[in-house]
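Given next are the chains, with one letter for each unit.
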Amino acid sequence: MKILVLNCGSSSLKYQIINMENKEVMCKGLCERIGIEGSQLTHKVPGKEDFVQVEAMPDHKRAVEMVMAALTDAEHGVLKSVDEIDAIGHRVLHGGQKFTKSIIVNDEVKAAIRECFDLGPLHNPANLMGIEACEAAMPGKPNVAVFDTSFGMGMEPKAYTYAIPIEYLEKYSVRRYGFHGTSHDYVCHRAIEFAGLDPKNAKVIVCHLGNGASISASIGGVCVDTSMGLTPLEGLIMGTRSGDLDPAIVQYICNKEGKDVNEMLNILNKKSGVLGMSGGVSSDFRDIEKAAEEGNQKAATALEAFRYRVAKYIGAYAAAMNGVDCICFTAGVGENDKGTRKAICDQYLGYLGVKIDDARNDVRGKETLISADDSKVKVLLLPTNEELKIAMDTEALVK
Ligand code: AMP
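I will try to describe carefully the structure that is included in this document. (Residues numbered from 1 in each chain as written. Predicted model: local features only at pLDDT ≥ 70, side-chain atom pairs only at ≥ 80, totals over all residues. Heavy atoms only, no water.)

## Focus on the sheet that holds strand S12 (residues 326–330)
(1) Moving on: Strands sit in the order S11-S10-S9-S12-S14-S13 across an open sheet of six strands; the sheet is mixed. Each edge of the sheet is formed by a strand with only one pairing partner; in this case those strands are strand S11 (222–226) and strand S13 (368–369).
(2) Moving on: By the bridge criterion, seven bridges tie strand S9 (residues 203–209) to strand S10 (residues 213–219) in an arrangement that is antiparallel. Residue pairing in the sheet places His 208 in a bridge with Ser 214 of S10. (Pairing = 2+ DSSP bridges. Helix = DSSP H or I, 4+ residues; strand = E, 2+ residues; numbered from the N terminus.)

Right under this line is the structure:
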């Protein structure tokens, strides 16, 4: 079975064709600047030179048509015809309270995705445009929606209910949802397989540390808690997002600086995190580490605070589950930055019996047990693969 995986943003579209026989990525690509001047498609086939096409893409429909043409192109394509695609798996950001798992798209599902526009104002409209563009370009092919929020729907009320008047949950569905759900779901299940843990009872903490960062606790693959909330702003310190903070800060700075709530939310989402803490050095953790090494004190504090917050959440989640069997690191920082993995484990997690093996930890982007044999908790580096998880869910639903 060949699955087209699509991840549509407001002005971008990422795609992969995955052959489910061997789980191989046959090609992948990116349409950028959709609806903006200077749009282009970059199509990558393993072993071949990248194919770049600069052409106007006024909307996602045109972008999907260009992807179809690239996929079947005599020179750069990987398919003889679009008919070879068995189904399309779409990443959809917000499923609200309706969707606890992936689902084949029909009119009702599209209406529900539309109902969640308020909850995912940047992504959900683009996700729906991607679905409708595929329906137009490939009539009759099944489309599957894979929600970033599904994994978090495993949480119990004590974990997802905010301590605010209950009417806001009842009227507006204000609750913790969690994001990066596809990644947390994939990695916690992969951890159970890779480390040979008890599939029903394994207590796993997944640290998804990238430009966006979140952490989850799960028992037997079911989410117990996760750090992002109603939106991706809550939780860990990120590249540009603040993560947790006292909500009264919003009012305080608004009054001091004559700003409104929307401006403050923009600052908390786009100008905070390690970018803001470092005084504008960068949102990229490599730049922050370099600046810290070169003696920039603000960058050093930002990096320490990032690691400290991850460790605090690990401690909280070990308590939430009354134990932890396995801690996994994934995403850009988690997969590539041995210093951050070591600092989190060595500085803060000794009391849990966590012991990192430095030689094993000297690795990037490869499934590896990085804890010592006598560590009480297994620590793993597991590269995330959200596209494969979307393709796996899609295959399971359309088979
Ligand atoms: P992601 O959002 O998962 O693509 O992760 C992107 C983040 O990973 C960026 O902030 C990168 O700086 C960071 N990253 C990638 N490689 C490294 C590395 N070797 N050391 C530290 N951070 C890294």
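## Thoughts on the sheet that holds strand S5 (residues 51–54)
(1) Moving on: Sheet architecture is open: eight strands sit in the order S5-S4-S3-S2-S1-S6-S8-S7, paired in mixed fashion. The open sheet has two edge strands with one neighbour each: S5 and strand S7 (103–104).
(2) Moving on: The sheet contact formed by strand S3 (residues 24–32) and strand S4 (residues 40–44) spans five bridges and is antiparallel. Of the residues in S4, the one forming a bridge with Leu 30 is Thr 42.

## A look at the nonpolar core
(1) Moving on: Membership of the largest hydrophobic core comes to 45 residues, with the highest contact counts inside it found for Leu 209, Ile 314 and Ile 327.
(2) Moving on: Counting only elements with at least two residues in this core, the list comes to S9, S10, helix H10 (285–293), helix H11 (297–320), S12, helix H13 (338–348) and strand S14 (378–381).
(3) Moving on: Counting residues per element, this core draws most heavily on H11, at 12 residues.
(4) Moving on: Judged by nonpolar contacts, the second largest core, of 30 residues, contains Ile 18, Leu 169, Ala 191 and Leu 380. (Core = buried A, V, L, I, M, F, W, Y, C linked by side-chain atoms within 4.5 Å. Buried < 20%, exposed > 50% of the residue type's maximum accessible area, 1.4 Å probe, protein only.)

## Describing the site of the ligand
(1) Moving on: As a structural note, the neighbourhood of the ligand is formed by 13 residues, with Asn 211, Asp 284, Phe 285, Arg 286 and Gly 332 the closest of them.
(2) Moving on: Contact between the ligand and Arg 286: an oxygen atom at 3.3 Å from a side-chain N or O atom of the residue.
(3) Moving on: In the model, an oxygen atom of the ligand is placed 3.4 Å from a nitrogen or oxygen of the Val 333 main chain.
(4) Moving on: If the ligand stood free it would expose 500 Å²; the protein chains cover 75% of that surface.
(5) Moving on: Judged by the fraction of its atoms near the pocket grid, the ligand is located in the second largest pocket.
(6) Moving on: Sorting the residues of the shell around the ligand by element identifies H10 and helix H12 (331–336) as the ones contributing at least two each. (Near = heavy atom within 4 Å. Polar contact = N/O pair within 3.5 Å; in protein donor to acceptor, adjacent residues only side chain to side chain. Areas by Shrake-Rupley, 256 points an atom, 1.4 Å probe, with all protein chains shown as cover. 1 Å grid on protein atoms, 1.4 Å probe; cavity = no way out; pocket = protein on both sides within 12 Å on 5 of 7 lines; lining within 4 Å. Sits in = over half its atoms within 2 Å of the grid points.)

## Quick look at the environment of Cys 134
(1) Moving on: Turning to its location among the elements, Cys 134 is positioned in helix H3 (residues 124–137).
(2) Moving on: Taking the relative accessible area as the measure of exposure, Cys 134 reaches 0% and is therefore buried.
(3) Moving on: Along the backbone, Cys 134 and Thr 182 are 48 residues apart, and their C-alpha atoms lie at a distance of 21 Å.
(4) Moving on: Excluding anything up to four places from it in sequence, Cys 134 contacts Leu 6, Val 64, Ile 88, His 90, Pro 139 and Asn 143. (Contact = heavy atoms within 4.5 Å.)

## Description of unusual backbone geometry
(1) Moving on: Notably, Ser 173 is not glycine yet its phi reads approximately 60°, a positive angle.
(2) Moving on: If you trace the backbone, Ser 173 turns up in the loop between helix H5 (167–172) and helix H6 (181–194).
(3) Moving on: On the basis of relative accessible area, Ser 173 is assigned to the partly exposed category, the value being 23%.
(4) Moving on: Positive phi values are uncommon outside glycine, yet Ala 331 reaches one of about 75°.
(5) Moving on: Structurally, the position occupied by Ala 331 is in helix H12.
(6) Moving on: We classify Ala 331 as buried; its relative accessible area is 7%.

## Observations regarding the packing of aromatic side chains
For any pair of aromatic rings, the description consists of the separation of the ring centres together with the inter-plane angle of the planes.
(1) Moving on: Counted under the stated rule, the structure contains five aromatic pairs.
(2) Moving on: A ring pair is formed by Phe 285 and Phe 306, whose centres lie 4.5 Å apart and whose planes are at 50°; its orientation type is tilted. Here Phe 285, found in helix H10, pairs with Phe 306, found in helix H11; they are 21 residues apart in sequence, far enough to count as distant.
(3) Moving on: Aromatic side chains Tyr 308 and Tyr 348 sit 5.9 Å apart centroid to centroid with 55° between the ring planes, which places their arrangement in the tilted category. Placement of the pair is Tyr 308 in helix H11 and Tyr 348 in helix H13, with a sequence separation of 40 residues.
(4) Moving on: Residue Tyr 308 is classed as partly exposed on the basis of its relative accessible area of 43%. (Phe/Tyr/Trp six-rings, centres within 6.5 Å; stacked < 30°, edge-to-face > 60°.)

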